[in-house]
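Breakdown of the fold
One-letter residues, chain by chain:
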Amino acid sequence: MKILVTGGLGYIGSHTCVELAKNGHTVVIVDNLSNSKLETLDRLTEITGARMAFYRVDVTDYRATAEIFAAHTIEGVMHFAGLKAVGESVEQPLAYYYNNVLGTITIAKLCLEYGVNKFVFSSSATVYGDQASPLYEDMALGQTTNPYGETKAMSERILTDVTKANPRFAVSLLRYFNPVGAHESGLIGEDPNGIPNNLMPYVTRVAKGLLPCLRVFGNDYDTPDGTGVRDYIHVVDLALGHVAAFENLQPGVSIFNLGTGKGTSVLELVHAFTAENGVAVPYEIAPRRVGDVATCFADASRAARDLGWRAKRGIREMVRDAWRFESATKGTKGTFPFVR
Ligand code: NAD
Ligand code: UFG
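From a predicted model like this one, the values you see are computed outputs, not experimental measurements.

Here's the deal with the nonpolar core
Counting residues in each nonpolar core, the largest one holds 35 residues, and the members touching the most others are Ile29 and Leu44. When residues of this core are traced back to their parent elements, those giving at least two are strand 1 (2–6), helix 1 (11–22), strand 2 (26–30), helix 2 (39–48), strand 6 (170–176), helix 8 (235–247), strand 11 (252–258) and helix 10 (301–307). In terms of residue count, the dominant contributor to this core is helix 8 (seven residues). Leu44 has contacts with Gly8, Leu9, Ser14, Cys17, Val18, Ile29, Gly49, Ala50, Met52 and Ile188, leaving out every residue within four places of it along the chain. Val206, Ala207, Leu211 and Leu269 belong to the second-largest nonpolar core, a separate cluster that totals 24 residues.

As C-alpha cells, then:
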C-alpha cells in the first residue's frame, strides 16, 4: 500500500519507514525538518535500496499538504509529525497546541477529503497521567501534567470523534512507552539537538565524552533500587508494532500500548550499558526531576492478542544499538559546552 508518513525523517518515523518498505509498502514522507535532517533520507535509501518520495512541508499547512494527497494515491497515513519535548511545551504551550493539534486536524481532514480510511497515530503513555502501572488501554485518560501530554490526549479525542462521525474511518492510537536504541546498521537513530532531555541519549553522550556526567534524578523512589522505572522499548520493535497495527486496522478506534511490559530502573539501564559496551558512564545522584513518576510500564497483552505483535529485543540490544549509532555519528553534537 502507499502510505504517507508524516514526520518520517524523525527518530521513530524513520525506523518505521524502513520496516514499511521491508514489508512491501510504498512510503511517501512529509517532514518540515524542524527536528530532523535531510541526510536521513539518504540513509533510508542506503538501508532499503529504495528512494522514498519526500516533501519538505509543514503538516499544519493545509494547502501544501493537500498537494501531496493530490499527487499520490495515498491509501493510509501514519502521523508521527509533532513536537515532543515536555519541558519546552511548558514554556511554549501555544507552539505545541498549534503544531500538534492542528497537524492532527489537518491530516485527518485531508484523509476524509481524499477517502483515506487508514490512520495510525503516535500517542504516548503520558496520556495515562500518574495512574499506577501496569497501564491498561481501558483505563480512562489520566490527568496530563504538561501541554505536550495534553496535545496527545486532545488528538486522541479528536480522532475518536472523527471515527464516530465517519464509520469507515479506521484509527489506531498507539501509546508508546520509552523508545530507545537504533537501527542495527548504525545509520539511523536518535539524534536530538543540544543537551538531551531523555535518559538514553544522555547516557550515550556521557559515554562518548560529550557530556561529563549523568545526573540520576532521584534514588529515593519506591522502586527496587530507588531510581525511576520505565518500560524501554527498542525503536525497531516499535516500528514493527506500527506495521502490525496498520495491517490490522479495523473501522473505528483501536488503542494499543506499545511497550515490553517490563520495567527497568535508571541504574539498571546504566549498568547494562557499561556491561554490554565496555564503556564507563560516570553518574551522580541528583534531586528528583519535577513531574516524574516512580514507575511507568505497560500491560502489553492487547497488542500481542490482537496484532500478534510483541517486542522481541531486550535491554542488551537497546544499549548496544544506541551506542553503535552514537559511536558512528559525527556532526554538531560535540560542539555544545559542558553545562547543565
Ligand atoms: P522526532 O522529533 O524525532 O520526529 C518528529 C518529526 O516530525 C521530526 O522529523 C520533525 O521535523 C517533524 N515535524 C514536527 N512537526 C512537524 C510539522 N508541523 N510538519 C511536518 N513535520 C513536522 O520525534 P520522535 O521521537 O520520532 O516522535 C515521533 C512521534 O512520536 C511524535 O508525535 C512524538 O510526540 C511521539 N512520541 C515520541 C516518544 C519518544 O519518547 N520519542 C514517546 C511517545 C510519543
Ligand atoms: N533520567 C535521569 N537522568 C536524565 C534523564 C532521565 O535520571 O538525565 C531518568 C528520569 O528521571 C526517568 C527516566 O530516566 O526516571 C526516563 O526519563 P526520560 O526523560 O528518558 O523519559 P520519561 O519517562 O520521562 O518520558 C518519556 C518521553 C515522554 C513520554 C513519556 C511516556 O520523553 O515524551 O516517556 O512514558 F511522554
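Notes on helix 2
All buried positions along helix 2 are accounted for by Thr40, Leu41 and Leu44. End-on view of helix 2: buried residues confined to an arc of 105 degrees, all on one side of the axis. Of the residues trailing helix 2, Gly49 is marked for its positive phi of about 80 degrees.

Overview of the packing of helix 1 against helix 2
Their axes nearest at 10 Å, the elements helix 1 and helix 2 cross at an angle of 30 degrees. Between helix 1 and helix 2, the angle is such that the two are roughly parallel. Between helix 1 and helix 2 lies a crossing whose hand is right-handed. Here Ser14, Cys17, Val18 and Ala21 of helix 1 lie close against helix 2, whose contacting residues are Thr40, Leu44, Ile47 and Thr48. The residue makeup of the contact of helix 1 with helix 2, split by class, is five nonpolar, three polar and no charged.

Thoughts on unusual backbone geometry
Negative phi characterises most residues that are not glycine, and trans characterises most peptide bonds. For the bond from Ser133 to Pro134, the omega torsion is 5 degrees, close enough to zero to count as cis. On the secondary structure map, Pro134 appears in the loop between strand 5 (118–124) and helix 6 (147–165).

Topic: the sheet that holds strand 4 (residues 76–79)
Here seven strands make up an open sheet; going across it, the order is 3-2-1-4-5-6-11 and the pairing parallel. With partners counted over all chains shown, the strands left at the sheet margins are strand 3 (53–55) and strand 11, one partner each. Strand-to-strand, the axes of this sheet are offset by a mean angle of 20 degrees, without reference to chain direction. Strand direction decides the pairing type here: strand 4 and strand 5, joined by three bridges, are parallel. Within the sheet, the bridge partner assigned to His79 lies in strand 5 and is Phe121.

Describing the environment of Leu20
Considering the arrangement of structural elements, one finds Leu20 in helix 1. Counting along the chain gives 114 residues from Leu20 to Pro134, while the straight-line C-alpha distance between them is 29 Å. In this structure Leu20 touches Ile3, Val5, His25, Val27, Met78 and Val243, once residues within four positions along its chain are discounted.

A word on the packing of aromatic side chains
Scanning the model with the defined rule gives three aromatic pairs in all. Each ring, one from Phe69 and one from Tyr114, has its centre 5.6 Å from the other, and the planes form 40 degrees; the classification is tilted. A residue pair is termed long-range when its members are at least 10 positions apart, and Phe69 in helix 3 (residues 62–71) and Tyr114 in the loop between helix 5 (93–113) and strand 5 qualify at 45 residues. Of the residues examined, Tyr114 reaches a relative accessible area of 38% and is grouped as partly exposed. Relative to Trp323, the ring of Phe273 lies with its centre 5.7 Å away and its plane at 75 degrees, an arrangement referred to as edge-to-face. Within this pair, whereas Phe273 is found in helix 9 (residues 266–277), its partner Trp323 is found in helix 11 (residues 315–328), the two being separated by 50 residues in sequence. Per residue, the accessibility class of Phe273 equals that of Trp323, and both read buried. The ring of Tyr128 carries Arg175 above its face, with NZ or CZ at 4.9 Å from the centroid. Sitting above the plane of the Tyr221 ring, Arg288 keeps its charged end 4.0 Å from the centroid.

The rules we used
Residues numbered from 1 in each chain as written. Chains lettered and ligands numbered in written order. Predicted model: local features only at pLDDT ≥ 70, side-chain atom pairs only at ≥ 80, totals over all residues. Heavy atoms only, no water. Core = buried A, V, L, I, M, F, W, Y, C linked by side-chain atoms within 4.5 Å. Buried < 20%, exposed > 50% of the residue type's maximum accessible area, 1.4 Å probe, protein only. Helix = DSSP H or I, 4+ residues; strand = E, 2+ residues; numbered from the N terminus. Contact = heavy atoms within 4.5 Å. Arc of directions from axis to C-beta. Axes fitted to C-alpha atoms, helices over the stretch in contact; angles between N-to-C directions. Parallel < 35°, antiparallel > 145°, perpendicular 65-115°, else oblique. Left-handed = near helix turned anticlockwise from the far one by under 90°. Nonpolar A, V, L, I, M, F, W, Y, C, P; charged D, E, K, R; others polar. Pairing = 2+ DSSP bridges. Phe/Tyr/Trp six-rings, centres within 6.5 Å; stacked < 30°, edge-to-face > 60°. Lys NZ or Arg CZ within 6 Å of the ring centre and 35° of its normal.

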